[in-house]
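Each chain, written out:
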Amino acid sequence: MNYKHLFGPVISRRLGVSLGIDLVPYKVCPLNCVYCEVGETTDLTIEKKEYVSYDEIISELDHFISNNPKLDYITFSGSGEPTLFSRIGDMIQYIKATYPQYKLALITNSVMLPDYEVFKNVLDLDLIMPSLDAVSHEAFQVMNRPNEQVVIEDVVDALVELRPVFNGQIWLEIFMIESVNDSAEELKLLIDAINRIKPDRVQLNSLDRPGVEAWVKMMSRGRLEEIKSYFVNNLEFDTQIEIIARAKTKVDYENFNANLVDQILSMISRRPCTCKDLSLTLNSHINEVNKVLHSLLTKEKIEAVREERGTFYRIKG
């Protein structure tokens, strides 16, 4: 069966063996983050609706799970913001009732959590991985370029309200960009917010490969370690703080579908391609292609080159 809405399973350092479910089309999102490795947002919206067919997703999921796969998580993520899908609550309840053997995770940019319906729907998940890159209005606008109706103070308040009523794990991810959200003032604001949110983990991330804007650069490991130490010394509660950027063991491309790896290498050996080009040509979900490209870059099998039409990948010469 050719899956349109499922991708993986992929092997992730954070989630183990994870089957992804993409609930919105490429690239529907309330944010247009400067560092996004999937690409620029084409539909900057906070409108909730059934962007893709609920019944199609359920049919694909039933077919896939009929083979009784070994999974650590079923994860709502993909090429846009999953909480924009108006029936995510129905999806969660269906999977919980039908396949209770699997844990459910959500990777979200957090900005829909102030919506009461979204907030209520995610409470039955096992793991929520929300993002919070900046607390000040200025840094939020620079990094995340939100839909004009998104208010960062409301997002922080919703994350604070989540902890007392959510029984699962909260792993808060913060993407770091030098000279944008790593000043003393910005880090103090983040510390204050984290002390209120009380996540089970804080995960510091930085650029692995080209994002939307060319000026976004990878933060040095040393600077990330300094920020980690600052957090450790200033948080008022016990939590795990980790750096997830550039982990060499994060993904190993030998664990992917060998045919997909070979197809990607074959295509870009003939001519450079963007991630979207590869996804469309190979009829593979953009997230699966993304993860293979990331791993091939880590292994230094390929290189990324920014051009006017986007980031192209080619065999490293």
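All residue numbers refer to positions counted from 1 along the written sequence of the respective chain. Residues qualify for local features only when their pLDDT is at least 70, as the model is predicted, and side-chain atom pairs are given and counted only at 80 or more; totals for whole chains, interfaces and linings, by contrast, use all residues. Side-chain descriptors were evaluated using all non-hydrogen atoms of the structure, hydrogens and water having been removed beforehand.

Looking only at helices and strands, the chain has 10 helices and 13 strands in total. Radius of gyration here is computed from C-alpha atoms only, and the compact-globule reference equals 2.2 Å multiplied by the residue count raised to the power 0.38. For 317 residues, the compact-globule formula gives about 20 Å, and the C-alpha radius of gyration of the chain, at 19 Å, lands near that figure. Overall, the chain is about 50 × 50 × 35 Å in size when its C-alpha atoms are taken along their principal axes. Split into buried and exposed, the 317 residues of the chain put 55% on the buried side. Elements are defined by DSSP. Helices are runs of H or I of four residues or more, strands are runs of E of two residues or more, and each kind is numbered from the N terminus. For every residue, the accessible area obtained with a 1.4 Å probe (protein chains only) is divided by the maximum for its type, and the residue is called buried under 20%, exposed over 50%, and partly exposed between those limits.

Within strand β9 (residues 201-205), 4 of the 5 residues are buried, which leaves it mostly tucked inside the rest of the structure. Think of it this way: DSSP has to see at least two bridges between two strands before they count as a pair. Of the strand pairs in this sheet, strand β8 (residues 169-175) and β9 are connected by 5 bridges, and their pairing is parallel. When the sheet's bridge partners are listed, isoleucine 174 is paired in β9 with leucine 204. The pairing of β9 with strand β10 (residues 240-243) spans 4 bridges and is classified as parallel. Note that in β10 the partner of glutamine 203 across the bridge is glutamate 242. Clockwise travel from the first strand over the helix to the second, with the strands pointing away from the viewer, marks a crossover as right-handed. What joins β9 to β10 is helix α7 (residues 221-234), and the crossover it makes is right-handed.

Turning to the packing of helix α6 (residues 184-197) against α7, a few remarks are in order. At a minimum axis distance of 11 Å, the contact between α6 and α7 shows a crossing angle of 45°. Considering their axes alone, α6 and α7 lie oblique with respect to each other. Considering the relative orientation of α6 and α7, their crossing is right-handed. Judged by residue contacts, Leu187, Lys188, Leu190, Ile191, Ile194 and Asn195 of α6 engage Arg223, Ile227, Tyr230, Phe231 and Asn234 from α7. The class makeup of the residues in the contact of α6 with α7 is 7 nonpolar, 2 polar and 2 charged. Here the axes come from fitting lines to C-alpha atoms, over the contacting stretch only for helices, and the angles between their N-to-C directions go from 0 to 180 degrees. Every angle not falling under 35 degrees, over 145, or within 65 to 115 is termed oblique; those three ranges are roughly parallel, roughly antiparallel and roughly perpendicular. By convention the crossing between two helices is left-handed if the near helix lies anticlockwise of the far one by an angle smaller than a right angle, and right-handed if it lies clockwise. Contacts between residues were defined by any pair of non-hydrogen atoms, one from each residue, lying within 4.5 Å. Think of it as three bins: nonpolar holds Ala, Val, Leu, Ile, Met, Phe, Trp, Tyr, Cys and Pro, charged holds Asp, Glu, Lys and Arg, and polar takes everything else, Gly as well.

Moving on: helix α10 (residues 286-298). Expected span, for any helix, means 1.5 Å times one less than how many residues it has. Helix length check: α10 (13 residues) gives 18 Å between terminal C-alpha atoms against 18 Å at 1.5 Å per residue, within 8%. By the burial criterion, the buried members of α10 are Ile286, Asn287, Glu288, Val289, Asn290, Val292, Leu293, His294, Ser295, Leu296 and Leu297.

Here we take up the pattern of salt bridges. A side-chain nitrogen of Lys or Arg and a carboxyl oxygen of Asp or Glu constitute a salt bridge if their distance falls within 4 Å. Scanning the entire structure with this criterion turns up 15 salt bridges. A salt bridge links lysine 96 to aspartate 126, with the shortest nitrogen-to-oxygen separation between them at 2.7 Å. On the criterion of sequence distance, the pair formed by lysine 96 in helix α2 (residues 88-98) and aspartate 126 in the loop between α3 (116-121) and β7 (127-130) is long-range, its members being 30 residues apart. Note on lysine 96: relative accessible area 26%, which makes it partly exposed. Among the salt bridges present, the one from aspartate 200 reaches arginine 163, with a minimum N-O distance of 2.7 Å. With aspartate 200 in the loop between α6 and β9 and arginine 163 in helix α5 (residues 152-165), this residue pair connects regions lying 37 residues apart in the sequence.

Read from one edge of the open sheet, 8 strands run β1-β2-β5-β6-β7-β8-β9-β10, paired in mixed fashion. Edge positions in the open sheet fall to β1 (6-12) and β10, since each of these has one partner strand only. The sheet shows a mean angle of 20° between the axes of neighbouring strands, direction not considered. Judged from the 4 bridges that link them, strand β5 (residues 73-77) and strand β6 (residues 103-108) form a sheet pairing that is parallel. What sits directly across from phenylalanine 76, in β6, is leucine 106.

At the junction of tyrosine 26 and lysine 27, the peptide bond is cis and its omega measures out at -5° in the coordinates. Along the polypeptide, lysine 27 turns up in the loop between β2 (16-22) and β3 (28-29). Even without glycine at this site, serine 179 takes up a positive phi of about 70°. Turning to its location among the elements, serine 179 is positioned in the loop between β8 and α6. Of note, lysine 198 is a non-glycine position whose phi angle comes to about 55°, a positive value. Positionally, lysine 198 belongs in the loop between α6 and β9.

The biggest cluster of nonpolar side chains holds 100 residues, and the ones touching the most others in it are Phe76, Leu132, Phe231 and Ile264. The leading source of residues in this core is α5, at 7 residues. The next biggest cluster of nonpolar side chains, apart from the first, holds 6 residues, and it includes Leu15, Leu127, Met129 and Trp171. Nine residue types can take part in a nonpolar core, namely buried Ala, Val, Leu, Ile, Met, Phe, Trp, Tyr and Cys, and a core is a set of them joined through side-chain atoms within 4.5 Å.

This part takes up the state of the cysteines. Throughout, a disulfide means two cysteine sulfur atoms within 2.5 Å of one another. Taken as a whole and judged by the stated rule, the model has 0 disulfides. Not part of a disulfide, cysteine 36 finds its nearest cysteine sulfur in cysteine 33, a span of 6.5 Å. Overall, cysteine 36 belongs to the buried group, its relative accessible area being 16%. Here cysteine 273 stays unpaired: no disulfide links it, and the sulfur of cysteine 275, its closest cysteine neighbor, is 10 Å away. For cysteine 273, a relative accessible area of 0% puts it in the buried group.

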